[in-house]
Amino acid sequence: MGLKIGEKVEKVNGKELSYGDFVEKYLARNQPVILTGLTEDWRACKDWVSDDGKPNLRFFSTHFGGSRVQVADCGTREFTDQKRIEMSVSEFIDRWLKLWSSDNGGADGTSLLYLKDWHFVKEYPEYVAYRTPIFFLDDWLNLYLDKYHMHDNPDSYQERDEVSCSDYRFVYMGAKGTWTPLHADVFRSYSWSANICGRKHWYFLSPDQHHLVHDRYMKSSVYDIFEDVSKMKYPGFEKAIWWECTQEQNEIIFVPSGWYHQVHNLEDTISINHNWFNAYNISWVWDLLLREYHEAKGYIEDIKDICDDFECLCQRNLAANAGMDFRDFFIFMIRFAIANLVLLYQLASDIKNINWSSSEIARHLRFNLKSIQCITLKMKSVAVWENHGINLMETIVDRSFVEFCNALERTCNMMYNHCEKSFNASQNLVQQEHLVDLFGSRICNPDELVTFLDGALELVGNIS
Ligand SMILES: O=C(O)CCC(=O)C(=O)O
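Reading the values: the criteria
Residues numbered from 1 in each chain as written. Predicted model: local features only at pLDDT ≥ 70, side-chain atom pairs only at ≥ 80, totals over all residues. Helix = DSSP H or I, 4+ residues; strand = E, 2+ residues; numbered from the N terminus. Rg over C-alpha atoms; globule rule 2.2 N^0.38 Å. Buried ≥ 20, exposed ≤ 12 C-beta atoms within 10 Å, placed from the backbone. Near = placed C-beta within 6 Å. Nonpolar A, V, L, I, M, F, W, Y, C, P; charged D, E, K, R; others polar. Pairing = 2+ DSSP bridges. Axes fitted to C-alpha atoms, helices over the stretch in contact; angles between N-to-C directions. Core = buried A, V, L, I, M, F, W, Y, C linked by C-beta atoms within 7 Å. Domains from an automatic or database assignment. Contact = placed C-beta atoms within 7 Å.

Visitor: Explain the overall build of the protein chain here, please?
Guide: On a plain count of helices and strands, the protein chain comes out with 15 helices and 16 strands. Taken over the C-alpha trace, the protein chain has a radius of gyration of 23 Å; the compact-globule value for 464 residues is 23 Å, and the two agree within 12%. By principal-axis analysis of the C-alpha atoms, the protein chain measures approximately 75 × 60 × 45 Å. By the burial criterion, 38% of the 464 residues in the protein chain qualify as buried.

Visitor: Even after reading the chapter, I still don't get the site of the ligand, so can you show me in this structure?
Guide: Near the ligand, the surroundings consist of Y172, T180, D185, S191, S193, K200, V255, H261, V263, S271 and N273. Every element with two or more residues in the shell around the ligand is listed here: β9 (190-197), β13 (260-265) and β14 (269-276). Tallied by class, the residues present in the shell around the ligand amount to three nonpolar, six polar and two charged.

Visitor: Teacher, can you tell me more about the sheet that holds strand β10 (residues 200-205) here?
Guide: The sheet built from five strands is open, its strands ordered β1-β11-β10-β13-β8 with mixed pairing. The outermost strands of the open sheet, each flanked by one partner alone, are β1 (4-8) and β8 (179-183). If you compare each strand with its neighbour and ignore which way they point, the axes differ by 25° on average. Inspection of the sheet shows β10 paired to strand β11 (residues 241-247) by five bridges, in the antiparallel sense. Within the sheet, the bridge partner assigned to Y203 lies in β11 and is E244.

Visitor: I would appreciate a short explanation of unusual backbone geometry in the present structure.
Guide: Trans peptide bonds make up the majority, and among non-glycine residues the majority have a negative phi. Non-glycine residue M218 carries a positive phi angle of around 60°. Inspection of the secondary structure assignment puts M218 in the loop between β10 and β11. On the neighbour-count criterion, M218 (11 C-beta atoms within 10 Å) is exposed. Although it is not a glycine, N250 adopts a positive phi angle of roughly 65°. With respect to the helices and strands, the residue N250 is situated in the loop between β11 and β12 (252-255).

Visitor: Where do I start with the nonpolar core in this structure?
Guide: The nonpolar side chains of a soluble globular protein tend to be buried with one another. Grouped together as the largest cluster of nonpolar side chains are 117 residues, with contacts concentrated most on M333, A337 and L343. With 17 residues, helix α10 (residues 326-349) is the largest single contributor of residues to this core. The residues that make up this core include at least three from each of domain 1 (4-157 + 167-276) and domain 2 (325-463). With residues up to four places along the chain from it excluded, the contact list for A337 reads L369, I372, L449 and L453.

By themselves these figures say nothing about function.
Here it is, written out as structure tokens:
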């Protein structure tokens, strides 16, 4: 039986859409959309595409051939994903060119290779291939990872962290027929994906139906929606109602949080893809982390009594499975909260700006803080927070933090078309010390973060 298709993903001209409308209709409602007209001036759209519309493969081997990348063998499953092989970009391109020159385009069983998760921006920061459209600028994940590592503890998760968690901005490249199995995105983040050349066909399942692609214990999910899916194992699969769409060249798709999706390249395709989260979907991240924590704990419950530090082992396993542990998430939230507060405090202290409180940026920063407070209240329900804290003074005098505040301010200015002077680090350090006086020097657990945020918001409110 074929898939039941219920809806087509809407297509909207991105040039005629305001940021506010995007937030209201898609981001806040967690609905997918395809946006057109946003890639016209991208360097990638010129350099990476030949005159015949196909990928300019030689450009990649000439300029980026030495990069080491992860390539998926689309014909071979390994656990829940496709088998990955590491190779250089040159090697990958050579194999693709061989496919082009073979008579049957790979029908002889040559494996279909799909270059995925290439951290292109991290590797080539000087080569500005594209500008992130305004709709996706409010990206806490990549803003944070540009200044900090997700895992602060150097003893624990180093190897994994360095490469795979350095950022979540990727390039994907694959010949016609390459594909990505059914999945929901890392951290249950949003993603956006722009086709530089080629076309993709997407199948989506909304979060309220995700149980239909899982087994009855919600442990494993369907790998390929076009294989012969076992009715015994996945009894709900045939009831699922799918959304679909074809994404053309130069179109950008917004993938909401927690939507399962499977993707097929209809032609030779290059795409740029970011994962991201912000105030609208941060609750998805915490909810997933909590679920994965209970799962990780459940797996090793039987060795609890013989384990020296059972909780530590649970957190290690959580980080290995989910990409971060509770401490990583908590430190992330604290740094983000303080940075938002510092900017708000700066706005409030600007005596020239008497209307600061109702400005779009102030509203945005307050909304961020409220969402952090909301998640922190949820985090209080888990009793594992001893020594998870961070020293406020050490945090704010750190160079990375000042840069982080600068980057956050630049982002806010870009989002709201605001041309302000850049963040005045020295002036703000004084203000931040003032904050430390008021709120003590350590935030060790969610209770303390909530208290800190209550006090801080009151302080900022009182300035006007
Ligand atoms: O383009 C693909 O093959 C997969 C992209 C994807 O899964 C995503 O953007 O979330």
